[in-house]
Every structure is written in structure tokens, then in C-alpha cells.
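Next come the chains, spelled out residue by residue.
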Amino acid sequence: DVQLQASGGGLVQPGGSLRLSCAASATTFRNHAIGWFRQAPGKDEKEFLCISGSDGSTYYGDSMKGRLTIARDNDKNTVYLHMVRLNPEDTAVYYCASSWLWTVESANYDDWGQGTQVTVSS
């Protein structure tokens, strides 16, 4: 099994909100940055969304900037992604991944969760 597990996806109406979770092993959580990516239907690449470091640092990409909040629960070894004002263009499979580096490049991430489907539709 992989070290990361994404969950919390589902169907939401436009304008709605959703919170995704990424559960990690203690070692991964405490020594890696955790990034969120998404892959839209029919596309090959994974789009960077945001990253959270073990020191509390955060960085948000342009795609959903202003509509995302990333947070860590140290007791649960879990990173949360709260998304608001969702629109149909946000429909995608959302992935969390870990990296030793502070990076937006998907190729530099070491481990990936299975992803969770988010569908935004009226």
C-alpha cells in the first residue's frame, strides 16, 4: 500500500465547498512536504494546487488561489484541503503526494495517494 490516502471527494453543486483529507504515515507526515494536485478528465498531466511543509510553510498555485486553504492536523498525521466556491472546471481527480523538496513539480514527488474524485455539477 501507498503511504498516502486521499479521501473526501464527491458530488457538489457549483458555488459549494468541500473538504478533502490526506492521511499519511507518521514518518511521511513529519519529514515531507505534502502537495495537492488535480487531474482533469481527459488530461494526462497533474496540475499543482498547493503545498504544506512540516514547518508550517504553505504555498498556493494560481489555479485555485484564493479558494483553497491547506491545514495540518499533527495528531492525526493528516493534511486537509478546504475548497470553496467550486465551479464545473474544478471537476477532477484530486491527489495528495509527498516530497522531500519544496517544489511544484509533480515529477519530484516521491509518493502518491490513490486520488479522490470531485465532481462539480448542477
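Details of the structure are given in the entry above.
Anyway, here's the lowdown on the structure attached to this text. (Residues numbered from 1 in each chain as written. Predicted model: local features only at pLDDT ≥ 70, side-chain atom pairs only at ≥ 80, totals over all residues. Heavy atoms only, no water.)

## So, the state of the cysteines
Here, disulfide denotes a covalent bond that connects the sulfur atoms of two cysteines.
And then number 1: In this structure the tally under the stated criterion is 1 disulfide.
And then number 2: Note that Cys22 is cross-linked by a disulfide to Cys96, the S-S spacing being 2.1 Å. The S-S bond linking Cys22 to Cys96 shows a torsion near 80°; that makes this disulfide right-handed. Taken together, the residues span a long stretch of sequence, with Cys22 in strand S3 (residues 18-24) and Cys96 in strand S9 (residues 92-99) at a distance of 74 residues. Accessibility classification places Cys22 together with Cys96 in one group, the buried group.
And then number 3: Left unpaired, Cys50 is separated from the closest cysteine sulfur, that of Cys22, by 11 Å.
And then number 4: The class of Cys50 is buried, set by a relative accessible area of 0%. (Disulfide = S-S within 2.5 Å. Helix = DSSP H or I, 4+ residues; strand = E, 2+ residues; numbered from the N terminus. Buried < 20%, exposed > 50% of the residue type's maximum accessible area, 1.4 Å probe, protein only.)

## Some thoughts on the environment of Gly35
And then number 1: Along the polypeptide, Gly35 turns up in strand S4 (residues 33-39).
And then number 2: Not counting chain neighbours up to four residues away, the residues in contact with Gly35 comprise Cys50, Ile51, Tyr95, Cys96, Ala97 and Tyr109. (Contact = heavy atoms within 4.5 Å.)

## Section: the nonpolar core
Within soluble globular proteins, side chains that are nonpolar generally end up buried alongside one another.
And then number 1: Judged by nonpolar contacts, the single largest core of 25 residues is most densely connected at Trp36 and Met83.
And then number 2: For this core, the secondary-structure elements that each account for two or more residues are strand S1 (4-7), S3, S4, strand S5 (47-52), strand S7 (68-73), strand S8 (78-83), S9 and strand S11 (116-120).
And then number 3: With 4 residues, the top contributor of residues to this core is S3.
And then number 4: The contact partners of Met83, leaving out residues within four places of it in the chain, are Gly16, Ser17, Leu18, Leu20, Met64, Arg67, Leu68, Tyr94 and Val118.
And then number 5: Ala33, Ile51, Tyr95 and Ala97 belong to the second largest nonpolar core, which has 8 residues in total. (Core = buried A, V, L, I, M, F, W, Y, C linked by side-chain atoms within 4.5 Å.)

In short, shape yes, function no, at least from these values alone.
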